[in-house]
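Single-letter residue listing:
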Amino acid sequence: MNVWAIEKDTPLKILLLELVHRYGENALGLNTKEQHYQAIEICTLHDPSLSAYIFTFAQMPGRYGIDLKYPIPAHNIIGENENLTLGQTLEIITIHLFS
């Protein structure tokens, strides 16, 4: 994944760079249907049924919101994790996608 070629805002690129650094370039997939400049949806390549929708719109500067998606939509966690630091966001992603 060439993070700098993705047309997203800088905080999302920083998040993606950290994820690539931790898990490698081929660990994550990016949902290309998501076109919002301030949002991305990521999943692991081995289990695309789990994903995380990360956004910076409507958040304080330098903060993130994250919605967690599961194979059963009734289990999705939407709107519960907002105004998180980079560290908090990375921790949630690690637990959700890599545990």
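Above this text sits the structure in question.
Residues numbered from 1 in each chain as written. Predicted model: local features only at pLDDT ≥ 70, side-chain atom pairs only at ≥ 80, totals over all residues. Heavy atoms only, no water.

Engineer: Talk me through the nonpolar core; I want residue IDs and the actual numbers.
Structural biologist: Counting residues in each nonpolar core, the largest one holds 21 residues, and the members touching the most others are Leu-15, Leu-19, Ile-40, Ile-42, Ile-54, Ile-66 and Ile-93. For this core, the secondary-structure elements that each account for two or more residues are helix H1 (10-23), strand S2 (39-44), strand S3 (47-55), strand S4 (64-69) and helix H2 (86-98). For this core, the element with the highest residue contribution is H1, accounting for five residues. (Core = buried A, V, L, I, M, F, W, Y, C linked by side-chain atoms within 4.5 Å. Buried < 20%, exposed > 50% of the residue type's maximum accessible area, 1.4 Å probe, protein only. Helix = DSSP H or I, 4+ residues; strand = E, 2+ residues; numbered from the N terminus.)

Engineer: Summarise unusual backbone geometry; cite the residues concerned and give the values.
Structural biologist: The backbone of Ala-58 shows a phi angle near 65°, a positive value even though the residue is not glycine. Tracing the chain through its elements places Ala-58 in the loop between S3 and S4.

Engineer: Go over the environment of Asn-31 with me, naming the residues and quoting the values.
Structural biologist: Structurally, the position occupied by Asn-31 is in the loop between strand S1 (28-30) and S2. When its relative accessible area of 27% is taken as the criterion, Asn-31 is described as partly exposed.

Engineer: Please give an account of the sheet that holds strand S5 (residues 77-84) that cites residues and values.
Structural biologist: Reading across the sheet, the five strands line up as S1-S2-S3-S4-S5 and stay open at both edges, with antiparallel pairing between neighbours. With partners counted over all chains shown, the strands left at the sheet margins are S1 and S5, one partner each. Going from strand to strand, the sheet's axes swing by 25° on average, the running direction of each strand aside. Bridge count for S2 against S3 is six bridges, and the pairing is antiparallel. Each bridged residue has a counterpart across the sheet, and for Ile-42 the counterpart in S3 is Ala-52. Most of the contacts of H1 go to S2, to which it runs at about 15°, and overall it touches S1, S2, S3 and S4. (Pairing = 2+ DSSP bridges. Axes fitted to C-alpha atoms, helices over the stretch in contact; angles between N-to-C directions. Contact = heavy atoms within 4.5 Å.)

Engineer: Requested: an account of the pairing of S2, with residues and values cited.
Structural biologist: Judged by how many residues are buried, S2 sits mostly within the fold: six of six residues are covered. Judged by which residues are buried, S2 turns out to be covered on both faces: Ala-39, Glu-41 and Cys-43 on one side and Ile-40, Ile-42 and Thr-44 on the other are all buried. Examined bridge by bridge, S1 and S2 share three bridges and lie antiparallel to one another. Its bridge partner lying in S2, Leu-30 is registered against Ile-42. Linking two consecutive strands that pair antiparallel, namely S2 and S3, is a turn of two residues.

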